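Chain and residue survey
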Amino acid sequence: MLPQIGECPAGLNELFHEMSSYVRFDILQRILSKVFGITVIHAMVITDIDDKIIKRSWEENVSPTIISRKYEDEFKRDMLSLKVIPPAVYLRVTENVHHIVAFIERIIQNGHAYATKEGDVYFDIQSIGNRYGKFGGAVDSQGEPGSTNKRDLRDFALWKPSKPQEPYWDSPWGRGRPGWHIECSTIASSVFGSQLDIHSGGIDLAFPHHENEVAQSEAYHQCGQWANYFLHSGHLHLKGSAEKMSKSLKNYVTIKDFLQSYSANEFRMFCLLTKYRSAIDYSDSSMLEARNSLGTISTFIHDAQSYMKGQLQCSSVQEAFLWERLAETKSSVVKALAEDFDTPRAISALMNLVYHGNCQLQPVSKADGAARSPAVFAAMLSYIRDVLDVFGIDLLQSQILLLPCCLLQESDVLSHGGNLDGVVEQLTRFRSEVRAFALTRQAGPTTGSPNKPGLYPERIPLLKACDSLRNELAPLGVLIKDRGTTSTWEITQGKQDQRGQRVQEKEQDTSS
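Residues numbered from 1 in each chain as written. Predicted model: local features only at pLDDT ≥ 70, side-chain atom pairs only at ≥ 80, totals over all residues. Heavy atoms only, no water.

**Some thoughts on the overall build of the protein chain**
- If you tally the helices and strands in the protein chain, you get 16 helices and 15 strands.
- Burial status across the protein chain gives 48% buried among its 512 residues.
- For the protein chain, the computed accessible surface area is about 24600 Å², with 53% contributed by carbon and sulfur atoms. (Helix = DSSP H or I, 4+ residues; strand = E, 2+ residues; numbered from the N terminus. Buried < 20%, exposed > 50% of the residue type's maximum accessible area, 1.4 Å probe, protein only. Areas by Shrake-Rupley, 256 points an atom, 1.4 Å probe, with all protein chains shown as cover.)

**A look at the nonpolar core**
- Phe270, Ile297, Phe300, Phe377, Ile384 and Phe391 are the most contacted members of the largest nonpolar core, which has 69 residues in total.
- With 9 residues, the single largest contributor to this core is helix H12 (residues 374-390).
- Setting aside residues up to four positions removed in sequence, Phe377 forms contacts with Phe300, Ala304, Tyr307, Met308, Val317, Leu322, Gly357, Gln360 and Leu361.
- Formed by 35 residues, the second largest nonpolar core is a distinct cluster that contains Val101, Val214, Ala219 and Trp226. (Core = buried A, V, L, I, M, F, W, Y, C linked by side-chain atoms within 4.5 Å. Contact = heavy atoms within 4.5 Å.)

**What about unusual backbone geometry?**
- Here the amide bond leading from Phe207 into Pro208 is cis, since omega sits at 10°, within 30 degrees of zero.
- Looking at the secondary structure, you find Pro208 in helix H6 (residues 206-221).
- Of note, the phi angle at Gln165 is positive, near 70°, even though the residue is not glycine.
- Classification of Gln165 by relative accessible area gives exposed; the value is 73%.

**Examining the pattern of salt bridges**
- Taken as a whole and assessed by the stated rule, the structure comprises 31 salt bridges.
- Of the charged contacts in the structure, one is a salt bridge between Glu218 and Lys134, with a shortest N-O distance of 3.3 Å. On the criterion of sequence distance, the pair formed by Glu218 in helix H6 and Lys134 in the loop between strand S5 (121-123) and strand S6 (157-161) is long-range, its members being 84 residues apart.
- Since its relative accessible area comes to 46%, Lys134 is described here as partly exposed.
- For Arg431, the salt bridge identified is with Asp482, shortest N-O distance 2.8 Å. With Arg431 in helix H14 (residues 410-438) and Asp482 in strand S14 (residues 478-483), this residue pair connects regions lying 51 residues apart in the sequence.
- Residue class for Asp482 comes out buried when judged on its relative accessible area of 11%. (Salt bridge = Lys/Arg side-chain N within 4 Å of Asp/Glu carboxyl O.)

**Topic: the sheet that holds strand S4 (residues 113-115)**
- Strand order across the open sheet formed by 4 strands is S4-S5-S6-S7, with antiparallel pairing between neighbours. Edge positions in the sheet fall to S4 and strand S7 (176-178), since each of these pairs with one other strand and no more. In this sheet, neighbouring strand axes are inclined to one another by 20° on average, regardless of whether the strands run parallel or antiparallel. (Pairing = 2+ DSSP bridges. Axes fitted to C-alpha atoms, helices over the stretch in contact; angles between N-to-C directions.)

**So, the packing of aromatic side chains**
- A full pass over the atoms with the stated rule returns 16 aromatic pairs.
- The structure contains a cluster of three or more aromatic residues connected by ring pairs, namely Phe258, Tyr262, Phe267, Phe270 and Tyr282.
- For the cation-ring pair, Arg325 lies above Phe321, with the distance from its terminal atom to the ring centre recorded as 4.5 Å.
- Positioned above the aromatic ring of Tyr307 is the side chain of Arg372, whose terminal nitrogen or guanidinium carbon lies 4.3 Å from the ring centre. (Phe/Tyr/Trp six-rings, centres within 6.5 Å; stacked < 30°, edge-to-face > 60°. Lys NZ or Arg CZ within 6 Å of the ring centre and 35° of its normal.)

**What about the environment of Thr428?**
- As for its position among the elements, Thr428 is in helix H14.
- Between the alpha carbons of Thr428 and Ile480 there is a distance of 7.6 Å; along the sequence they are 52 residues apart.
- In contact with Thr428, not counting residues within four places along its chain, are Ile480, Ser487 and Trp489.
- Side-chain polar atoms of Thr428 contact the backbone oxygen of Val424, separated by 2.8 Å. (Polar contact = N/O pair within 3.5 Å; in protein donor to acceptor, adjacent residues only side chain to side chain.)

**Thoughts on the pairing of strand S2 (residues 41-47)**
- Where burial is concerned, most of S2 is hidden: 6 out of the 7 residues are buried.
- In this structure, S2 lies alongside strand S3 (residues 89-92), joined through 4 bridges in parallel fashion. Across the sheet, the residue bridging to Ile46 is Arg92, located in S3.

**Let's talk about the packing of helix H5 (residues 180-192) against H6**
- At a closest axis distance of 9 Å, the pairing of H5 and H6 adopts a crossing angle of 50°. When the interaxial angle is binned, H5 and H6 end up oblique. The interaxial crossing formed by H5 with H6 has right-handed handedness. Of the residues in H6, those touching H5 at Trp180, His181, Ile182, Cys184, Ser185 and Ser189 are Pro208, His209, Asn212, Glu213, Gln216, Ser217 and His221. (Parallel < 35°, antiparallel > 145°, perpendicular 65-115°, else oblique. Left-handed = near helix turned anticlockwise from the far one by under 90°.)

**Examining the confidence of the model for the protein chain**
- For the protein chain, the mean per-residue pLDDT works out to 84, and 82% of the residues sit at or above 70.
- Note on residues 398-417: pLDDT under 50 across the span, and 28 contacts to partners over four residues away in sequence or across chains.
- Contacts from residues 494-512, a stretch scored under 50 in pLDDT, to residues over four places away or in other chains number 31 contacts. (pLDDT = per-residue confidence, 0-100.)

**Regarding the environment of Ile182**
- Note that Ile182 resides in helix H5.
- Residues Ile182 and Ile104, spaced 78 residues apart in sequence, show a C-alpha to C-alpha distance of 8.1 Å.
- Dropping the residues within four chain positions of it, Ile182 is found in contact with Ile100, Phe103, Ile104, Ile107, Leu158 and Gln216.

**Side note on the packing of helix H10 (residues 319-338) against helix H11 (residues 343-360)**
- Packing of H10 against H11 leaves a shortest axis separation of 8 Å and a crossing angle of 170°. With respect to H11, the element H10 is oriented roughly antiparallel. Facing H10, whose interface residues are Phe321, Leu322, Arg325, Leu326, Thr329, Ser332, Val333, Lys335, Ala336 and Leu337, H11 presents Thr343, Arg345, Ala346, Ala349, Leu350, Leu353, His356, Gly357 and Gln360.
- Residue classes in the contact of H10 with H11 are distributed as 10 nonpolar, 6 polar and 3 charged. (Nonpolar A, V, L, I, M, F, W, Y, C, P; charged D, E, K, R; others polar.)

Spelled out as C-alpha coordinates, the structure:
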(Lines give C-alpha, C1' and ligand atoms only; values in the text may rest on other atoms or scores of the structure.)
Protein backbone atom coordinates (compact mmCIF):
# COMPACT_ATOMS: atom_id res chain seq x y z
CA MET A 1 0.00 0.00 0.00
CA LEU A 2 1.35 3.43 -0.95
CA PRO A 3 -0.66 6.16 0.75
CA GLN A 4 -0.38 9.44 -1.07
CA ILE A 5 -0.26 12.31 1.41
CA GLY A 6 -0.78 15.91 0.36
CA GLU A 7 0.04 18.53 2.96
CA CYS A 8 -1.39 22.00 2.78
CA PRO A 9 1.00 24.63 1.50
CA ALA A 10 3.80 25.80 3.69
CA GLY A 11 3.28 29.51 3.99
CA LEU A 12 6.62 31.22 4.27
CA ASN A 13 7.49 32.88 7.58
CA GLU A 14 5.88 30.04 9.52
CA LEU A 15 5.64 30.48 13.29
CA PHE A 16 5.79 27.96 16.08
CA HIS A 17 2.02 27.36 16.22
CA GLU A 18 2.04 26.38 12.55
CA MET A 19 5.08 24.16 12.93
CA SER A 20 3.27 22.21 15.65
CA SER A 21 0.99 20.84 12.92
CA TYR A 22 3.99 19.66 10.92
CA VAL A 23 5.44 17.87 13.95
CA ARG A 24 2.13 16.17 14.74
CA PHE A 25 1.68 14.97 11.16
CA ASP A 26 5.31 13.87 11.07
CA ILE A 27 4.52 11.64 14.05
CA LEU A 28 1.49 10.21 12.22
CA GLN A 29 3.57 9.54 9.12
CA ARG A 30 6.19 7.72 11.19
CA ILE A 31 3.46 5.60 12.81
CA LEU A 32 2.06 4.61 9.42
CA SER A 33 5.51 3.66 8.17
CA LYS A 34 7.14 2.05 11.20
CA VAL A 35 4.21 0.51 13.07
CA PHE A 36 1.88 -0.51 10.26
CA GLY A 37 4.49 -1.07 7.54
CA ILE A 38 2.94 1.35 5.06
CA THR A 39 5.16 3.12 2.54
CA VAL A 40 4.16 6.78 2.50
CA ILE A 41 4.63 9.14 -0.45
CA HIS A 42 4.49 12.66 0.94
CA ALA A 43 4.39 15.82 -1.19
CA MET A 44 4.29 19.40 0.10
CA VAL A 45 3.40 22.59 -1.72
CA ILE A 46 5.44 25.73 -1.09
CA THR A 47 3.35 28.87 -1.52
CA ASP A 48 6.05 31.20 -2.79
CA ILE A 49 3.78 33.93 -4.11
CA ASP A 50 0.92 35.57 -2.24
CA ASP A 51 -0.20 38.97 -0.96
CA LYS A 52 2.08 38.89 2.10
CA ILE A 53 5.18 38.04 0.08
CA ILE A 54 4.39 40.78 -2.45
CA LYS A 55 3.86 43.33 0.32
CA ARG A 56 7.15 42.37 2.01
CA SER A 57 9.01 42.65 -1.30
CA TRP A 58 7.71 46.20 -1.71
CA GLU A 59 8.74 47.10 1.83
CA GLU A 60 12.27 45.75 1.36
CA ASN A 61 12.55 46.85 -2.28
CA VAL A 62 13.57 43.41 -3.51
CA SER A 63 11.93 40.84 -5.77
CA PRO A 64 9.30 38.46 -4.34
CA THR A 65 11.59 35.58 -5.31
CA ILE A 66 14.30 36.79 -2.91
CA ILE A 67 11.76 37.08 -0.09
CA SER A 68 10.21 33.69 -0.76
CA ARG A 69 13.55 31.83 -1.03
CA LYS A 70 14.74 33.40 2.23
CA TYR A 71 11.69 32.19 4.15
CA GLU A 72 11.66 28.84 2.37
CA ASP A 73 15.21 28.20 3.58
CA GLU A 74 14.26 29.25 7.12
CA PHE A 75 11.21 27.01 7.01
CA LYS A 76 13.28 23.99 5.96
CA ARG A 77 15.88 24.69 8.67
CA ASP A 78 13.10 24.92 11.27
CA MET A 79 11.67 21.61 10.04
CA LEU A 80 15.11 20.02 10.39
CA SER A 81 15.62 21.45 13.89
CA LEU A 82 12.30 19.89 14.95
CA LYS A 83 13.34 16.58 13.32
CA VAL A 84 10.49 16.55 10.81
CA ILE A 85 11.11 14.10 7.96
CA PRO A 86 11.24 16.08 4.70
CA PRO A 87 8.58 15.21 2.11
CA ALA A 88 9.50 13.21 -0.97
CA VAL A 89 9.23 16.45 -2.91
CA TYR A 90 8.69 20.17 -2.32
CA LEU A 91 6.75 21.85 -5.13
CA ARG A 92 6.74 25.64 -5.53
CA VAL A 93 3.64 27.35 -6.84
CA THR A 94 5.63 29.68 -9.13
CA GLU A 95 7.14 26.67 -10.92
CA ASN A 96 3.71 25.16 -11.61
CA VAL A 97 1.67 28.09 -12.88
CA HIS A 98 1.42 26.56 -16.38
CA HIS A 99 -0.16 23.45 -14.79
CA ILE A 100 -2.55 25.66 -12.83
CA VAL A 101 -3.69 27.51 -15.97
CA ALA A 102 -4.38 24.17 -17.70
CA PHE A 103 -6.21 22.91 -14.60
CA ILE A 104 -8.48 25.97 -14.58
CA GLU A 105 -9.19 25.61 -18.30
CA ARG A 106 -10.39 22.04 -17.77
CA ILE A 107 -12.72 23.11 -14.92
CA ILE A 108 -14.24 25.76 -17.23
CA GLN A 109 -14.66 23.16 -20.00
CA ASN A 110 -16.43 20.87 -17.54
CA GLY A 111 -18.92 23.63 -16.77
CA HIS A 112 -17.84 24.43 -13.20
CA ALA A 113 -16.06 27.80 -13.55
CA TYR A 114 -16.45 31.07 -15.45
CA ALA A 115 -14.37 34.10 -16.37
CA THR A 116 -15.42 37.73 -15.82
CA LYS A 117 -14.69 40.71 -18.02
CA GLU A 118 -12.18 41.97 -15.45
CA GLY A 119 -10.02 38.87 -15.96
CA ASP A 120 -11.08 36.93 -12.84
CA VAL A 121 -11.98 33.27 -12.99
CA TYR A 122 -14.36 31.94 -10.33
CA PHE A 123 -15.51 28.48 -9.38
CA ASP A 124 -19.26 28.11 -9.88
CA ILE A 125 -20.63 26.78 -6.57
CA GLN A 126 -24.17 26.35 -7.91
CA SER A 127 -22.89 24.02 -10.65
CA ILE A 128 -22.20 21.26 -8.11
CA GLY A 129 -25.55 21.54 -6.30
CA ASN A 130 -25.62 20.34 -2.70
CA ARG A 131 -22.17 18.73 -2.83
CA TYR A 132 -20.60 21.92 -1.45
CA GLY A 133 -20.39 22.10 2.34
CA LYS A 134 -18.78 18.83 3.39
CA PHE A 135 -16.80 20.52 6.17
CA GLY A 136 -19.73 22.38 7.68
CA GLY A 137 -18.54 25.96 7.32
CA ALA A 138 -20.33 26.63 4.06
CA VAL A 139 -23.77 27.14 5.63
CA ASP A 140 -22.98 30.55 7.11
CA SER A 141 -20.32 31.52 4.57
CA GLN A 142 -20.56 34.99 3.01
CA GLY A 143 -17.92 34.03 0.47
CA GLU A 144 -14.58 35.61 -0.31
CA PRO A 145 -14.17 39.22 -1.44
CA GLY A 146 -13.82 39.73 -5.20
CA SER A 147 -15.54 40.99 -8.31
CA THR A 148 -19.14 42.21 -8.15
CA ASN A 149 -19.73 40.06 -11.22
CA LYS A 150 -19.68 36.82 -9.22
CA ARG A 151 -22.74 34.65 -9.80
CA ASP A 152 -22.84 33.58 -6.14
CA LEU A 153 -21.25 35.23 -3.13
CA ARG A 154 -19.71 31.85 -2.24
CA ASP A 155 -17.89 31.53 -5.59
CA PHE A 156 -14.14 31.60 -5.00
CA ALA A 157 -11.25 32.74 -7.16
CA LEU A 158 -9.29 30.34 -9.32
CA TRP A 159 -7.42 33.14 -11.12
CA LYS A 160 -7.17 36.85 -10.40
CA PRO A 161 -5.80 39.71 -12.52
CA SER A 162 -2.55 41.22 -11.34
CA LYS A 163 -2.47 44.75 -9.92
CA PRO A 164 0.15 47.32 -10.90
CA GLN A 165 3.68 46.32 -9.83
CA GLU A 166 2.55 42.80 -8.90
CA PRO A 167 4.15 39.68 -10.42
CA TYR A 168 2.03 38.17 -13.19
CA TRP A 169 1.78 35.25 -15.61
CA ASP A 170 0.06 35.22 -18.98
CA SER A 171 -3.17 33.29 -19.29
CA PRO A 172 -6.21 33.04 -21.59
CA TRP A 173 -7.93 35.53 -19.24
CA GLY A 174 -5.13 38.08 -19.21
CA ARG A 175 -2.13 38.68 -17.01
CA GLY A 176 -2.62 37.52 -13.44
CA ARG A 177 -1.77 34.91 -10.82
CA PRO A 178 -3.46 31.86 -9.26
CA GLY A 179 -5.97 31.97 -6.45
CA TRP A 180 -4.99 30.36 -3.17
CA HIS A 181 -7.03 27.15 -3.26
CA ILE A 182 -6.26 26.09 -6.82
CA GLU A 183 -2.53 25.64 -6.25
CA CYS A 184 -2.97 22.64 -3.93
CA SER A 185 -5.44 20.83 -6.16
CA THR A 186 -3.34 21.31 -9.28
CA ILE A 187 -0.02 20.28 -7.81
CA ALA A 188 -1.46 17.31 -5.88
CA SER A 189 -3.10 16.11 -9.11
CA SER A 190 0.15 16.50 -11.06
CA VAL A 191 1.88 14.22 -8.53
CA PHE A 192 -0.83 11.75 -7.50
CA GLY A 193 -3.41 11.83 -10.30
CA SER A 194 -7.15 11.71 -9.71
CA GLN A 195 -7.17 10.44 -6.13
CA LEU A 196 -5.41 11.32 -2.91
CA ASP A 197 -5.33 9.00 0.08
CA ILE A 198 -4.70 11.49 2.88
CA HIS A 199 -4.81 15.29 2.96
CA SER A 200 -3.59 17.02 6.11
CA GLY A 201 -3.57 20.50 7.59
CA GLY A 202 -4.61 22.58 10.57
CA ILE A 203 -8.26 22.64 11.59
CA ASP A 204 -8.51 26.27 10.45
CA LEU A 205 -7.95 25.07 6.86
CA ALA A 206 -10.97 22.74 6.82
CA PHE A 207 -13.17 25.60 5.60
CA PRO A 208 -12.88 27.25 3.21
CA HIS A 209 -9.53 25.93 1.96
CA HIS A 210 -10.09 22.17 2.02
CA GLU A 211 -13.75 22.58 1.12
CA ASN A 212 -12.79 24.52 -2.01
CA GLU A 213 -10.01 22.09 -2.86
CA VAL A 214 -12.49 19.21 -2.85
CA ALA A 215 -14.97 21.13 -5.01
CA GLN A 216 -12.50 22.15 -7.72
CA SER A 217 -10.61 18.81 -7.73
CA GLU A 218 -13.77 16.73 -8.14
CA ALA A 219 -14.94 19.17 -10.80
CA TYR A 220 -11.66 18.75 -12.68
CA HIS A 221 -11.45 14.95 -12.40
CA GLN A 222 -15.22 14.46 -12.73
CA CYS A 223 -15.04 12.05 -9.78
CA GLY A 224 -17.22 11.39 -6.74
CA GLN A 225 -14.41 11.50 -4.17
CA TRP A 226 -11.01 13.10 -4.61
CA ALA A 227 -9.46 12.64 -1.15
CA ASN A 228 -10.19 9.58 0.96
CA TYR A 229 -9.22 11.08 4.34
CA PHE A 230 -8.67 14.55 5.73
CA LEU A 231 -6.62 14.81 8.91
CA HIS A 232 -6.95 18.10 10.77
CA SER A 233 -4.73 19.03 13.69
CA GLY A 234 -5.91 21.18 16.58
CA HIS A 235 -4.59 24.67 17.28
CA LEU A 236 -1.72 25.48 19.58
CA HIS A 237 -2.88 27.97 22.23
CA LEU A 238 -1.02 29.87 24.87
CA LYS A 239 -2.46 28.50 28.12
CA GLY A 240 -5.32 30.64 29.33
CA SER A 241 -6.08 32.03 25.88
CA ALA A 242 -8.93 30.88 23.68
CA GLU A 243 -7.14 32.23 20.60
CA LYS A 244 -4.60 30.24 18.61
CA MET A 245 -1.07 31.62 18.49
CA SER A 246 -0.78 34.22 15.73
CA LYS A 247 1.45 37.08 14.73
CA SER A 248 -1.44 39.53 14.57
CA LEU A 249 -2.36 38.85 18.21
CA LYS A 250 1.31 39.02 19.29
CA ASN A 251 0.88 35.84 21.32
CA TYR A 252 3.29 33.67 19.40
CA VAL A 253 6.64 31.99 20.02
CA THR A 254 9.24 31.61 17.28
CA ILE A 255 10.89 28.24 16.80
CA LYS A 256 14.32 29.74 17.36
CA ASP A 257 13.23 31.21 20.70
CA PHE A 258 11.53 27.97 21.71
CA LEU A 259 14.66 25.91 21.09
CA GLN A 260 16.62 28.18 23.42
CA SER A 261 14.61 26.74 26.32
CA TYR A 262 13.44 23.30 25.19
CA SER A 263 14.53 20.56 22.84
CA ALA A 264 12.87 19.05 19.78
CA ASN A 265 12.47 15.80 21.76
CA GLU A 266 10.59 17.63 24.50
CA PHE A 267 8.27 19.28 22.01
CA ARG A 268 7.54 15.92 20.42
CA MET A 269 6.66 14.45 23.80
CA PHE A 270 4.48 17.53 24.43
CA CYS A 271 2.62 16.79 21.17
CA LEU A 272 2.34 13.07 21.96
CA LEU A 273 0.57 13.76 25.24
CA THR A 274 -2.43 15.20 23.35
CA LYS A 275 -4.46 13.70 20.49
CA TYR A 276 -3.48 15.24 17.19
CA ARG A 277 -7.03 16.48 16.55
CA SER A 278 -7.19 18.31 19.88
CA ALA A 279 -6.09 21.85 20.65
CA ILE A 280 -2.97 22.03 22.82
CA ASP A 281 -2.31 24.51 25.61
CA TYR A 282 1.29 25.65 25.48
CA SER A 283 2.87 26.74 28.76
CA ASP A 284 6.05 26.20 30.76
CA SER A 285 4.20 23.76 33.00
CA SER A 286 3.01 21.64 30.07
CA MET A 287 6.51 21.62 28.61
CA LEU A 288 7.96 20.61 31.99
CA GLU A 289 5.49 17.71 32.08
CA ALA A 290 6.89 16.55 28.74
CA ARG A 291 10.46 17.05 29.98
CA ASN A 292 9.75 15.08 33.16
CA SER A 293 8.23 12.21 31.15
CA LEU A 294 11.39 11.98 29.06
CA GLY A 295 13.49 12.26 32.21
CA THR A 296 11.65 9.36 33.83
CA ILE A 297 12.25 7.19 30.77
CA SER A 298 15.90 8.23 30.54
CA THR A 299 16.51 7.49 34.22
CA PHE A 300 14.98 4.04 33.88
CA ILE A 301 17.13 3.30 30.84
CA HIS A 302 20.30 4.21 32.72
CA ASP A 303 19.31 2.30 35.85
CA ALA A 304 18.40 -0.77 33.81
CA GLN A 305 21.72 -0.57 31.97
CA SER A 306 23.54 -0.32 35.30
CA TYR A 307 21.69 -3.39 36.52
CA MET A 308 22.56 -5.28 33.34
CA LYS A 309 26.24 -4.38 33.77
CA GLY A 310 26.23 -5.56 37.36
CA GLN A 311 26.83 -2.04 38.67
CA LEU A 312 23.43 -1.84 40.38
CA GLN A 313 22.71 -4.44 43.05
CA CYS A 314 18.99 -5.17 43.49
CA SER A 315 16.76 -7.51 45.37
CA SER A 316 15.33 -10.46 43.45
CA VAL A 317 13.49 -9.39 40.25
CA GLN A 318 10.07 -10.81 39.35
CA GLU A 319 11.14 -11.68 35.81
CA ALA A 320 7.95 -13.45 34.68
CA PHE A 321 5.89 -10.46 35.82
CA LEU A 322 8.00 -8.09 33.71
CA TRP A 323 7.75 -10.29 30.63
CA GLU A 324 3.95 -10.19 31.01
CA ARG A 325 3.95 -6.40 31.37
CA LEU A 326 6.12 -6.05 28.27
CA ALA A 327 3.76 -8.20 26.19
CA GLU A 328 0.76 -6.23 27.48
CA THR A 329 2.44 -2.93 26.62
CA LYS A 330 3.23 -4.01 23.07
CA SER A 331 -0.41 -4.98 22.51
CA SER A 332 -1.75 -1.79 24.15
CA VAL A 333 0.49 0.52 22.13
CA VAL A 334 -0.51 -1.00 18.77
CA LYS A 335 -4.20 -0.90 19.70
CA ALA A 336 -3.95 2.74 20.75
CA LEU A 337 -2.17 3.81 17.57
CA ALA A 338 -4.66 1.87 15.42
CA GLU A 339 -7.51 3.90 16.93
CA ASP A 340 -7.00 7.25 15.18
CA PHE A 341 -3.36 7.52 16.30
CA ASP A 342 -4.16 7.74 20.02
CA THR A 343 -0.66 8.73 21.13
CA PRO A 344 -1.63 9.80 24.70
CA ARG A 345 -2.84 6.25 25.39
CA ALA A 346 0.28 4.77 23.80
CA ILE A 347 2.55 6.98 25.93
CA SER A 348 0.55 6.07 29.04
CA ALA A 349 1.11 2.37 28.32
CA LEU A 350 4.83 2.98 27.84
CA MET A 351 5.12 4.97 31.08
CA ASN A 352 3.28 2.17 32.89
CA LEU A 353 5.92 -0.28 31.67
CA VAL A 354 8.66 2.05 32.91
CA TYR A 355 6.89 2.26 36.29
CA HIS A 356 6.82 -1.52 36.69
CA GLY A 357 10.46 -1.73 35.66
CA ASN A 358 11.46 0.88 38.21
CA CYS A 359 9.54 -0.98 40.93
CA GLN A 360 11.75 -4.02 40.30
CA LEU A 361 14.99 -2.03 40.39
CA GLN A 362 15.15 -1.59 44.14
CA PRO A 363 18.83 -1.08 45.06
CA VAL A 364 20.35 -2.88 48.02
CA SER A 365 23.69 -2.14 49.64
CA LYS A 366 24.80 -5.77 49.49
CA ALA A 367 23.96 -8.46 46.95
CA ASP A 368 21.82 -11.27 48.42
CA GLY A 369 23.01 -13.86 45.93
CA ALA A 370 19.67 -14.05 44.13
CA ALA A 371 19.67 -14.93 40.42
CA ARG A 372 19.92 -11.87 38.17
CA SER A 373 17.50 -11.17 35.29
CA PRO A 374 19.28 -8.90 32.76
CA ALA A 375 17.53 -10.35 29.69
CA VAL A 376 14.08 -8.99 30.52
CA PHE A 377 15.49 -5.49 31.07
CA ALA A 378 17.37 -5.71 27.78
CA ALA A 379 14.09 -6.58 26.03
CA MET A 380 12.29 -3.72 27.75
CA LEU A 381 14.97 -1.19 26.79
CA SER A 382 14.99 -2.39 23.20
CA TYR A 383 11.22 -1.99 22.96
CA ILE A 384 11.18 1.44 24.63
CA ARG A 385 13.85 2.69 22.23
CA ASP A 386 11.90 1.29 19.26
CA VAL A 387 8.70 3.08 20.32
CA LEU A 388 10.52 6.37 20.90
CA ASP A 389 12.17 5.98 17.50
CA VAL A 390 8.72 5.59 15.93
CA PHE A 391 7.78 8.93 17.45
CA GLY A 392 11.01 10.59 16.31
CA ILE A 393 12.53 10.84 19.79
CA ASP A 394 16.23 10.03 20.18
CA LEU A 395 17.21 10.06 23.83
CA LEU A 396 20.92 9.73 22.99
CA GLN A 397 20.77 12.97 21.04
CA SER A 398 18.95 14.73 23.88
CA GLN A 399 21.90 14.01 26.14
CA ILE A 400 24.40 16.15 24.20
CA LEU A 401 24.18 19.14 26.48
CA LEU A 402 27.36 21.04 26.86
CA LEU A 403 26.41 23.47 24.07
CA PRO A 404 23.00 25.16 23.72
CA CYS A 405 20.82 23.05 21.43
CA CYS A 406 20.43 25.93 18.98
CA LEU A 407 24.19 25.89 18.33
CA LEU A 408 24.52 22.14 17.78
CA GLN A 409 24.62 20.76 14.27
CA GLU A 410 23.88 17.12 13.44
CA SER A 411 27.63 16.50 13.05
CA ASP A 412 28.19 17.79 16.59
CA VAL A 413 25.71 15.29 17.95
CA LEU A 414 27.34 12.41 16.16
CA SER A 415 30.91 13.38 16.96
CA HIS A 416 30.52 14.43 20.60
CA GLY A 417 28.06 11.76 21.80
CA GLY A 418 30.57 8.95 22.25
CA ASN A 419 33.29 11.26 23.59
CA LEU A 420 31.02 12.76 26.25
CA ASP A 421 29.78 9.35 27.40
CA GLY A 422 33.36 8.09 27.62
CA VAL A 423 34.52 11.06 29.68
CA VAL A 424 31.63 10.74 32.14
CA GLU A 425 32.15 6.97 32.41
CA GLN A 426 35.85 7.39 33.27
CA LEU A 427 35.14 10.23 35.69
CA THR A 428 32.44 8.23 37.48
CA ARG A 429 34.64 5.15 37.66
CA PHE A 430 37.52 7.14 39.21
CA ARG A 431 35.13 8.81 41.66
CA SER A 432 33.68 5.40 42.62
CA GLU A 433 37.15 4.03 43.41
CA VAL A 434 37.98 7.07 45.55
CA ARG A 435 34.61 6.82 47.28
CA ALA A 436 34.96 3.08 47.94
CA PHE A 437 38.35 3.77 49.52
CA ALA A 438 36.86 6.56 51.68
CA LEU A 439 33.97 4.31 52.79
CA THR A 440 36.27 1.53 53.98
CA ARG A 441 35.56 0.97 57.67
CA GLN A 442 38.09 0.41 60.44
CA ALA A 443 38.63 -3.11 61.74
CA GLY A 444 37.27 -2.49 65.25
CA PRO A 445 34.60 -0.40 67.01
CA THR A 446 35.24 3.33 67.26
CA THR A 447 34.48 5.92 69.90
CA GLY A 448 30.78 6.73 69.91
CA SER A 449 29.90 3.54 68.00
CA PRO A 450 30.93 0.62 70.26
CA ASN A 451 29.20 -2.01 68.12
CA LYS A 452 29.91 -0.67 64.62
CA PRO A 453 33.23 -0.06 62.89
CA GLY A 454 33.58 3.57 61.81
CA LEU A 455 35.16 5.39 58.88
CA TYR A 456 38.79 6.46 58.93
CA PRO A 457 38.65 10.16 59.96
CA GLU A 458 41.44 11.13 57.58
CA ARG A 459 39.40 9.80 54.61
CA ILE A 460 36.21 11.77 55.33
CA PRO A 461 37.44 14.80 53.29
CA LEU A 462 37.68 12.47 50.28
CA LEU A 463 34.04 11.45 50.78
CA LYS A 464 32.96 15.09 51.00
CA ALA A 465 34.93 15.90 47.85
CA CYS A 466 33.10 13.09 46.03
CA ASP A 467 29.74 14.51 47.19
CA SER A 468 30.74 18.01 46.08
CA LEU A 469 31.73 16.77 42.63
CA ARG A 470 28.40 14.95 42.26
CA ASN A 471 26.42 18.04 43.31
CA GLU A 472 28.38 20.39 41.05
CA LEU A 473 27.90 18.16 38.00
CA ALA A 474 24.10 17.88 38.47
CA PRO A 475 23.18 21.37 37.19
CA LEU A 476 25.52 20.77 34.23
CA GLY A 477 23.38 17.82 33.19
CA VAL A 478 25.47 14.94 34.60
CA LEU A 479 23.51 13.07 37.27
CA ILE A 480 25.54 10.65 39.43
CA LYS A 481 23.65 8.29 41.73
CA ASP A 482 25.49 6.54 44.55
CA ARG A 483 24.44 2.93 45.16
CA GLY A 484 26.29 1.78 48.25
CA THR A 485 29.96 1.62 47.25
CA THR A 486 29.19 1.80 43.51
CA SER A 487 27.77 4.64 41.42
CA THR A 488 25.75 5.00 38.24
CA TRP A 489 25.44 8.04 35.99
CA GLU A 490 23.21 9.55 33.35
CA ILE A 491 23.20 12.68 31.27
CA THR A 492 20.00 14.63 31.81
CA GLN A 493 18.41 17.58 30.04
CA GLY A 494 20.16 19.96 32.44
CA LYS A 495 18.47 23.25 33.39
CA GLN A 496 16.98 21.62 36.46
CA ASP A 497 15.08 23.99 38.63
CA GLN A 498 16.80 24.87 41.89
CA ARG A 499 14.12 23.27 44.04
CA GLY A 500 14.50 19.94 42.24
CA GLN A 501 18.27 20.14 42.52
CA ARG A 502 18.21 20.79 46.26
CA VAL A 503 15.85 17.86 46.86
CA GLN A 504 18.11 15.63 44.82
CA GLU A 505 21.20 16.75 46.73
CA LYS A 506 19.50 16.18 50.07
CA GLU A 507 18.49 12.65 49.10
CA GLN A 508 21.98 11.73 47.90
CA ASP A 509 23.79 13.31 50.85
CA THR A 510 21.65 11.17 53.10
CA SER A 511 22.65 8.05 51.16
CA SER A 512 26.33 8.87 51.64
